[in-house]
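Listed below, chain by chain, are the residues.
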Amino acid sequence: MMKERDLIIVGGGPAGMAAALSAYEHGVQDILLLERDQFLGGILNQCVHTGFGLNYFKEVLAGPEYADRFMKRVIAIKEIEVSLKSFVIKLSQKKEITFLKPGKISEVKAKAVILATGCRERTREMAHIAGTRPAGIFPAGLAQKLINIEGLIPGNEAVIVGSGDIGLIMARRLTLEGSKVKAVIEIQKKSKGLQRNIVQCLEDFGIPLYLSHKIARIHGADRVSKVDVVQVDDNFKEVPNTSFSIGCDTVLISAGLIPENELAEMAGVDMDRKTNTPLSKEQNKTSVDGIFVCGNACQIYDLVDWVTKDSLLAGKQAAEYIKRIK
Amino acid sequence: MHDIIIIGGGVVGTAIARELSKYRLKIAILEKEVEIAFGVSKSNSGIIHPGTQNKSNSLKGKLCVEGNKLVRKLAKKLGIDFKEVGQLIVAFNQEEIERLKEIKKEGELLGIKKMKIVFRPWLAVNEPNLNPEIIAALLVPSAGIISPYRMAYDLSENAAKNGVEIYTDCEVTNIKKDKYFEIESKLGVFSSRYIINAAGLFADDIARMAGIKDIKIKPRKGQEFLLDKKKENITNHLIFPLPSQTSKGTLVIKTSDGNPMIGPTAEEVEDKYDLSTDESGLAQVISSVKRLVPSINPKDIIAYFAGLRPVSGEDFIIREEKSVKRFINVAGIQSPGLTAAPAIALYVSKLLKTSGLKFKRKLNFKPFRRKTIHLFQSDKKLMKKIISKNKAFGDIVCRCELVSRAEIEAAIERGAKTMDGIKFRTRAQSGRCHGGFCTTRIMRILSEKLNIPLNEISKRGGKSGIVVKERG
Amino acid sequence: MSKQFICIECPNSCLLVVETKDGKVTGVSGNKCKRGETYAVSEVENPVRNFTSLVKAEGLEIKMVPVKTSAPIQKGLIFFAAQEVKKIRIVKPVKVGEVIAENFVNSKADLIATRDVSLA
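Residues numbered from 1 in each chain as written. Chains lettered and ligands numbered in written order. Predicted model: local features only at pLDDT ≥ 70, side-chain atom pairs only at ≥ 80, totals over all residues. Heavy atoms only, no water.

Undergrad: What exactly am I supposed to notice about the sheet that holds strand β4 (residues 82-84) of chain B here?
TA: Paired through backbone hydrogen bonds, the strands of a sheet run either parallel or antiparallel to each other. Residues and elements named next belong to chain B. One open sheet holds the three strands; their spatial order is β3-β8-β4, and the pairing between them is antiparallel. The open sheet has two edge strands with one neighbour each: β3 (47-48) and β4. Seen against the sheet, helix α2 (residues 59-78) touches β3, β4 and β8 (144-146) and runs at an angle of roughly 135° to β4. (Pairing = 2+ DSSP bridges. Helix = DSSP H or I, 4+ residues; strand = E, 2+ residues; numbered from the N terminus. Contact = heavy atoms within 4.5 Å. Axes fitted to C-alpha atoms, helices over the stretch in contact; angles between N-to-C directions.)

Printed below as a string of structure tokens:
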């Protein structure tokens, strides 16, 4: 017989932790929280800059501080069992979960499942940037991890593709770490990033932001050597005779985020193929009863505060669902 | 003094080395790149061709048909995954059906078995995503798929186990001939009685070093685009259009990793290092394959790359040079080189015998290699077993492709030194996030196992370092 | 003199019109709340920034300890701070909020850890 738990939450980032706390507060007494990393906190651990929690805590916190507040509460509640280094390989429609840990494979069934699996970055491949495939091309989040977690400097001279917040934050981080950020290239007419970040991450350091531009080609054999930049019109078509090159050894790609919903899909949840999120009439619910999704897996949020809010709701909904079927 | 030096550690060089390792000969492979299969072989599409689309009197055609048979046996012995998926060459009208008949006839002359022409009702059942305007196809059941780089790695490992020395990062710079050959390389001078030139794109440069001037390799670029594994079953067969003068056309390919692949283009280029992809290549591939399978969506593309076919005329060039005795050229091995590789190895072996090299069988030749374990291929029962034996199989590093720490470590023990070496052997970093999540973890494992600092880990050797320095 | 810039205190992003004389603010308009005025004065007279960075750890469970200044510091000190922070080493476990360096780069703010870090 497969062991049965009331609620299993996949993902121990801000979404999973908030969902666990909320489910507990709404009466769920048996929660298993599965996190693949060796720490709780998810991507917040590498977001060492401040700007988190203004809405939820009315304070300006760094990413790890925001995570810490939830982590300590989660750990203090014995009804929430946290299993680290636990990687879910399978989720069925019947809410049976198979997960791996070093030295162990486990199968467990749940009354309800909350997927708090976050998101991944759009890659250079998805942005279809032409050229060669040398070393030195990084998704911005990977560059952030290299610096902030591993203490490694990804490059000396960088060009950043995309002016979303991650790209802007990385422009500042690289600059402070002694690398030269030569340009931020944005295909849209306006940056999607917060004004605060435009000012404090680019203008403070005199980093040029090229709006309505794109990288036409990446050059370099072993390592990136330069990029060709070209202006685009309203239909994103290249404007003739506007091309210029920027020498650099590094290209950071900050071209948006994609919800991670491979487990939901595996469980037979109806998906919106465009956004890679579950189709549902009601926030956090999916087409499979008892499988919920929250945080960035549900939709991409600008602020972690909204992830928290969304996930608190998911925890409550899961609690209500469990009560109803008991 | 070596009996034989093989220049080039691609699938051809390693297949030859493995074949010759059956005999009491002192053999070495010299590879220019930092790892095996980093040249032409790494961009191969992995198709084991049945031999169709080759002229019945060509060396290519003969070696392809023979190779198709040999690959299966080799795959079994060396634990390489081979899958016979079959191929369909499609026709849109009566005129094209006539061409299918010609291809079938030529194939039969080469000895290809079980070919048949199938029509719309068959296609509707067996290949439902195919363009309904396709009225017929030539079904060739003996076509299959394999992982090109894993084939080269497994061949080289088995060759090494049987005594072949393998030197990587060992570019050959000059060749002198007196009574025997003196081969100058990045790692010093090797002397050898025989040279086998399997240097792929650079086979002409190597030949020239030995004074052979009539071989010219012209790179022909092929851009390939990989789709998300979710689309694994978009087709059940390899889908081919009718071949053109220069290539077999733009295909819908099944791969042994599961990701369907679309491509390649066929573009003559000058630069032997031009591995760039571009928008026109993508546009051309998309429009060509949409004609075959209309539901293919560019949104599903998760990776792309370009490879260069080492083209030298119409056919393979495999011969002992009359002007330079004991120098054997294995040049111009473009498609179907992967399929033909084991047959090329036998062919070369015969050339060596004819040339007077004495072959004595080794009594202790080890023909088998234990199959590499991949978690993604394991069912629950096997997972349980391998995880209980080695905890690290339960420690997932690459989440998109389900690769564990145990597999990464095994790849390093088997010779991986770089991020690409890990990728080709284990598939880690080749999924939809493209290493976004697992790069740092793999760097750490490489650093620990190879005992080198993190800032020296490279993508593929040379100046391809992942990072530039440690932070203070 | 008149300057225009966008307030960055919250996502409202008000366009502030700031009147200045001899480097001092004499009037602010365009702000929807009081924070806009405070920001305008600070940005003109004494611009400050939150400084966040990392300090190398030795013998602990993670390699880089995230840190921040306990209060925003002068904008002009940011690059110096980024240099100085690299000279520090953390060798003992720390708690969130623990002071790593007092009066960091003479900014009057302390450098504090933003994460608990235990022994390896």
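Undergrad: Explain the interface of chain B and chain A to me, please; I cannot follow it from the model alone.
TA: Size of an interface, as often reported, equals the accessible area lost when the parts are brought together. Counting residues at the interface gives 53 residues for chain B, matched by 51 residues for chain A. Buried area between chain B and chain A, both sides added, is near 4600 Å², and the carbon and sulfur share of it is 54%. Where chain B packs against chain A, one counts 10 salt bridges. Residue Lys384 of chain B pairs with Glu107 of chain A through a salt bridge whose shortest N-O separation is 3.9 Å. Taken together, the links from chain B to chain A amount to 24 residue pairs in polar contact (both at pLDDT 80 or more). Elements with a minimum of two residues in the side of chain B that touches chain A: α7 (279-292), β18 (301-311), α9 (380-389), α12 (439-450) and β23 (469-470) of chain B. At six residues, the largest contribution of residues to the side of chain B that touches chain A is made by β18 of chain B. For the side of chain B that touches chain A, the class distribution of residues is 22 nonpolar, 12 polar and 19 charged. Two strands pair when backbone bridges link them, and strand β11 (residues 152-153) of chain A and β23 of chain B are joined in this way by two bridges, in the antiparallel orientation. Each residue of the ladder has a partner; that of Ile153 of chain A, found in β23 of chain B, is Lys469 of chain B. (Buried area = accessible area lost by both parts, 1.4 Å probe. Salt bridge = Lys/Arg side-chain N within 4 Å of Asp/Glu carboxyl O. Polar contact = N/O pair within 3.5 Å; in protein donor to acceptor, adjacent residues only side chain to side chain. Nonpolar A, V, L, I, M, F, W, Y, C, P; charged D, E, K, R; others polar.)

Undergrad: Even after reading the chapter, I still don't get the interface of chain A and chain C, so can you show me in this structure?
TA: Every contact between the two is made by 29 residues of chain A and, on the other side, 27 residues of chain C. When the two sides are added together, the surface that chain A and chain C hide from each other amounts to roughly 2400 Å², 56% of it contributed by carbon and sulfur. Applying the counting rule to chain A against chain C returns four salt bridges. Taking the shortest distance from any N to any O, the salt bridge between Asp116 of chain C and Lys72 of chain A comes out at 3.0 Å. At the junction of chain A and chain C, the tally comes to eight residue pairs in polar contact (both at pLDDT 80 or more). Of all the secondary-structure elements, those providing two or more residues to the side of chain A that touches chain C are β4 (61-62), α2 (63-76), α3 (140-148), α4 (165-176) and α5 (195-202) of chain A. Broken down by class, the residue content of the side of chain A that touches chain C amounts to 13 nonpolar, eight polar and eight charged.

Undergrad: Would you mind going over the domain arrangement of chain A with me for this structure?
TA: Residue and element names in this part refer to chain A. When its domains are assigned, chain A resolves into domain 1 (3-120 + 257-325) and domain 2 (123-253). Its C-alpha centre places domain 1 at a distance of 31 Å from the equivalent point of domain 2. Taken together, the 10 residues of domain 1 in the interface contact 12 residues of domain 2. When domain 1 packs against domain 2, close to 830 Å² is buried across both sides, 59% of that on carbon and sulfur atoms. Counting the contacts that link domain 1 with domain 2 gives zero salt bridges. Inspection of the region where domain 1 meets domain 2 yields three residue pairs in polar contact (both at pLDDT 80 or more). (Domains from an automatic or database assignment.)

Undergrad: Explain the side chain of Ser191 of chain A to me, please; I cannot follow it from the model alone.
TA: Relative to the assigned elements, Ser191 of chain A resides in the loop between β13 (180-185) and α5. Looking at Ser191 of chain A, its side chain comes within polar contact range of the main-chain nitrogen of Gly193 of chain A, at 2.9 Å.

Undergrad: Where do I start with helix α1 (residues 34-45) of chain C in this structure?
TA: One turn of an α-helix holds 3.6 residues; hence residues three or four places apart share an orientation. Given a rise of 1.5 Å per residue, 12 residues ought to cover 16 Å, and the 17 Å separating the end C-alpha atoms of α1 of chain C matches this to within 8%. Taken as a whole, α1 of chain C has its buried residues at Gly36, Tyr39, Ala40, Glu43 and Val44 of chain C. Projected onto a plane normal to the axis of α1 of chain C, the buried residues spread over an arc of 120° and lie on a single side. Of the exposed residues in α1 of chain C, the ones pointing more than 90 degrees away from its buried face are Lys34 and Thr38 of chain C. As for α1 of chain C, its buried residues are in contact with α5 of chain A together with β1 (2-6), β2 (15-21), β3 (24-29) and β4 (48-49) of chain C. (Expected span 1.5 Å × (residues − 1). Buried < 20%, exposed > 50% of the residue type's maximum accessible area, 1.4 Å probe, protein only. Arc of directions from axis to C-beta.)

Undergrad: Looking at this structure, I do not really get the state of the cysteines. What am I missing?
TA: Cysteine pairs can be linked by a disulfide, which is a covalent bond between their two sulfur atoms. Residue and element names in this part refer to chain A. As enumerated under the stated definition, the model contains zero disulfides over all chains in all. Cysteine Cys248 is unpaired, with the sulfur of Cys201 as its nearest cysteine sulfur at 20 Å. Judged by relative accessible area, which is 3%, Cys248 ranks as buried. (Disulfide = S-S within 2.5 Å.)

Undergrad: What's the story with unusual backbone geometry in this structure? I'm lost.
TA: What you tend to see is this: most non-glycine residues have negative phi, and most peptide bonds are trans. A cis amide bond links Gly263 of chain B to the next residue, Pro264 of chain B, at an omega of -5°. Here Pro264 of chain B is to be found in the loop between β16 (261-263) and β17 (267-268). Of note, Phe236 of chain A is a non-glycine position whose phi angle comes to about 65°, a positive value. Even without a glycine there, the phi angle at Asn241 of chain A is positive, about 60°. Within the element layout of this structure, Asn241 of chain A appears in the loop between β16 (226-231) and β17 (244-247).

Undergrad: I'm lost on the pattern of salt bridges in this one. Help?
TA: Pairing is possible between side chains of opposite charge, provided their charged atoms come close. Summed over all chains, the structure comprises 72 salt bridges over all chains. The shortest N-O distance in the salt bridge between Asp395 of chain B and Arg405 of chain B comes to 2.8 Å. Here the residue Asp395 of chain B occupies a position in the loop between α9 and β21 (396-398), and Arg405 of chain B occupies one in helix α10 (residues 405-413), the gap between them amounting to 10 residues. On the basis of relative accessible area, Asp395 of chain B is assigned to the buried category, the value being 5%. A salt bridge links Glu84 of chain C to Lys87 of chain C, with the nearest nitrogen and oxygen atoms 2.8 Å apart. One network of salt bridges, with partners in common, ties together Arg120, Glu260, Glu262 and Glu265 of chain A together with Asp228, Lys230, Arg399 and Arg432 of chain B.

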